[in-house]
Amino acid sequence: MIFRFKTHTAILLLSIFFAISAHVSVHANELSGASSSIPTSDTVINEKPLLLEVKQKGKYGCIDKSGTFVLQPVFDDLTFHSQQQLIIAKQKGNYGVFNRLGNPILPIIFNGVTINDNGYITVTKDKKVGIFTIEGRPVLPVEFDEYLGFSENLFLVKKNKTYQYYDTSGKLAFDSNFTNATNFSEGLAGVGLGNKYGFINPQGQLVIPCQYSSTSNFSEGLAAIQTKNRWGFIDKTGALQIEEKFKNFEADFHDGLALMSDKGKYQYIDHKGSIVFSAPYEYAYPFNEGVAEIRITKSSFSWGGLISTAISATTGAYTTDEDRNLSQTKLKRGFIDKTGTQIIPTKYDFVDIFQDDLAMVIIKHKSGFANRKGELVIPSDYQSLSLFADGLSMAEKDDKWTFIDKKNQPLTPFKFDGVTPFASGIAAVKIADKWGYINRSGQQIIPAKFETAQTFSENIAVVKYNQGWGAIDPTGHFVIPVNLDYQDLQSFQNGSACIKIKGKWGLIDRTAKIVIDPQYDSITPFI
């Protein structure tokens, strides 16, 4: 088969994303008592008309800002695709698609629907795949075994063990009987005939004959190829640029270096095929902006495992393999530079990707930030840190919170019992059991008197005061008076906010006028 990029890189990126998301959002939600996430900029009003998902008698529907049904509440689930402005509806185990006006795009007959950012919809039915435009026009009938991607304005699909390329009109781009194929990369796509592989151009011409036992995609003008159990690299003319001398291929060229391995040892090579350095780690990853992540495992004796094993042997009780493991293995992460030097040593439990030349690191449940030189510009002695947003990070030390800048300078002393992100230059802070607001100078501009305080959105912040909900402006003046009938009130979006009264949800405007009577089990704006 044609080589496909190592999956551990994709898993790494996903794990980083989810780990960071969980680390930040959990603290933000715990602090304010309301759902929030760290914004990268102040909230602005969405230009698109507001759509809301509602739940009624266990079924989901969709209404507009006036309360008029766009989709009746008869669906088991609704998912909104914001970029294409389409709604995926699930009903009785099948899926279909509607536009934001409620007009059907695809009927609810498919086993699965994916709305792609490229402007096309992929559907599956009875284990077959087809493609439609976002307007619902069929491009490829639902008769293919697999859809593998879209590149150079060509769809790559598999049917009856043969890979084929189709254009956007649904016509076969060129005759082919490939037994394997990839998407185009740098103008060429890897294809297979039998157990040999080569490359075609977007016109379907075989520009590099099928003569290799395995290949990779082109990256930085070179593609890895394998013959006789050794790997080398060719250019786009098929000329051998790096002789076939490497045992295993791990990753394409990134930042001028490709990743190879031999007997479990990683090697980074340059465009000439020279080994720049060896990486004696259990896991190594491609370079990105001058750095690459590495990982090692460290094991320690587990008394818990010993006790569990003894109890199991004595009583015959079942225990999992994890419980019986006498060694506690932990992955440790770090970063190396393009000389192979550890700029961030492999002692951290978590290392984030670099953002604005800083990477969050966590060791023994303490967080900090390191720069690309490996210097801990923010020492790892914080209980919690958020990613930087507008130059500030929410920071917790000794169970108290404040904000720090990239020079590790606190905005205020560590005196707050909770903080939320800044929005419109204002952040909510908790003192004892009450919430107030500070500005970016750290000055208290609204006294701490609220039971709950949300971040500002559309220049309004929702607060809970004396057991009732209301909303204030940046001066602390109530623009929506506190009302004890309000059981819950969400942040404003598009000039409206979801409100709960007598156990049901509706919608109010900025003057507190009820624009949609509370009648739903739940109501959620589509973003």
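Being a predicted model, the structure only gives us computed values, none of them experimental.

Observations regarding the environment of F132
Among the secondary structure elements, F132 is positioned in strand β10 (residues 128–133). For F132, a relative accessible area of 12% gives the class buried. Along the backbone, F132 and I115 are 17 residues apart, and their C-alpha atoms lie at a distance of 9.5 Å. In contact with F132, other than residues within four places in its own chain, are L106, F110, Y120, I121, V123, R137, P138, V139 and V142.

Description of the pairing of strand β8 (residues 112–115)
By the bridge criterion, four bridges tie β8 to strand β9 (residues 120–125) in an arrangement that is antiparallel. The partner of V113 across the bridge, within β9, is V123. Adjacent in sequence and paired antiparallel, β8 and β9 are bridged by four residues, among which G119 carries a positive phi angle near 95 degrees.

Quick word on the sheet that holds strand β5 (residues 86–91)
Strand pairs in the sheet, formed through backbone hydrogen bonds, run parallel or antiparallel to each other. Strand order in the open sheet made by the four strands is β4-β5-β6-β7, with antiparallel pairing throughout. Lying at the two open borders of the sheet, with one neighbouring strand each, are β4 (77–81) and β7 (104–110). Within the sheet, the average angular offset between the axes of one strand and its neighbour, ignoring direction, is 15 degrees. In this structure, β5 lies alongside strand β6 (residues 94–99), joined through six bridges in antiparallel fashion. Residue L86 lies in a different strand from β6, and its bridge partner there is N99.

Digging into the nonpolar core
Judged by nonpolar contacts, the single largest core of 14 residues is most densely connected at L259, Y268, F277, Y281, A284, F287 and I336. Looking at this core, the elements that each hand over two or more residues are β24 (257–262), β25 (265–269), β26 (275–279) and β28 (292–301). I460, W469, F492 and I501 belong to the second-largest nonpolar core, a separate cluster that totals 13 residues.

Remarks on the pairing of strand β41 (residues 444–450)
As paired strands, strand β40 (residues 434–439) and β41 are joined by three bridges and run antiparallel to one another. Each bridged residue has a counterpart across the sheet, and for W435 the counterpart in β41 is F450.

As for the side chain of T133
Relative to the helices and strands, T133 resides in strand β10. If we ignore the near neighbours within four places in the chain, the residues touching T133 are G119, Y120, I121 and V139.

Looking at a positive patch on the surface
Taken together, R230, K247, K263 and K265 make up a surface patch of like positive charges. Checked against the element boundaries, K247 lands in the loop between β22 (240–246) and β23 (248–254).

Looking at the pattern of salt bridges
Following the criterion strictly, the structure yields 14 salt bridges and no others. Between K236 and E186 there is a salt bridge, and its shortest N-O distance comes to 3.7 Å. You can see K236 sitting in the loop between β21 (230–234) and β22 and its partner E186 sitting in the loop between β15 (180–181) and β16 (189–193), a full 50 residues away along the chain. The shortest N-O distance in the salt bridge between R295 and E293 comes to 3.1 Å. E293 shares its class with R295; the two are buried.

The rules behind each value
- Residues numbered from 1 in each chain as written.
- Predicted model: local features only at pLDDT ≥ 70, side-chain atom pairs only at ≥ 80, totals over all residues.
- Heavy atoms only, no water.
- Helix = DSSP H or I, 4+ residues; strand = E, 2+ residues; numbered from the N terminus.
- Buried < 20%, exposed > 50% of the residue type's maximum accessible area, 1.4 Å probe, protein only.
- Contact = heavy atoms within 4.5 Å.
- Pairing = 2+ DSSP bridges.
- Axes fitted to C-alpha atoms, helices over the stretch in contact; angles between N-to-C directions.
- Core = buried A, V, L, I, M, F, W, Y, C linked by side-chain atoms within 4.5 Å.
- Patch = residues over 30% accessible without salt bridge, like charges linked within 9 Å, V, L, I, M, F, W, Y side chains within 5 Å.
- Areas by Shrake-Rupley, 256 points an atom, 1.4 Å probe, with all protein chains shown as cover.
- Salt bridge = Lys/Arg side-chain N within 4 Å of Asp/Glu carboxyl O.
- Lys, Arg positive; Asp, Glu negative; His and termini not counted.
- Charge placed at Lys NZ, Arg CZ, Asp CG, Glu CD.

Purely geometric stuff here, so don't read any function into it on its own.
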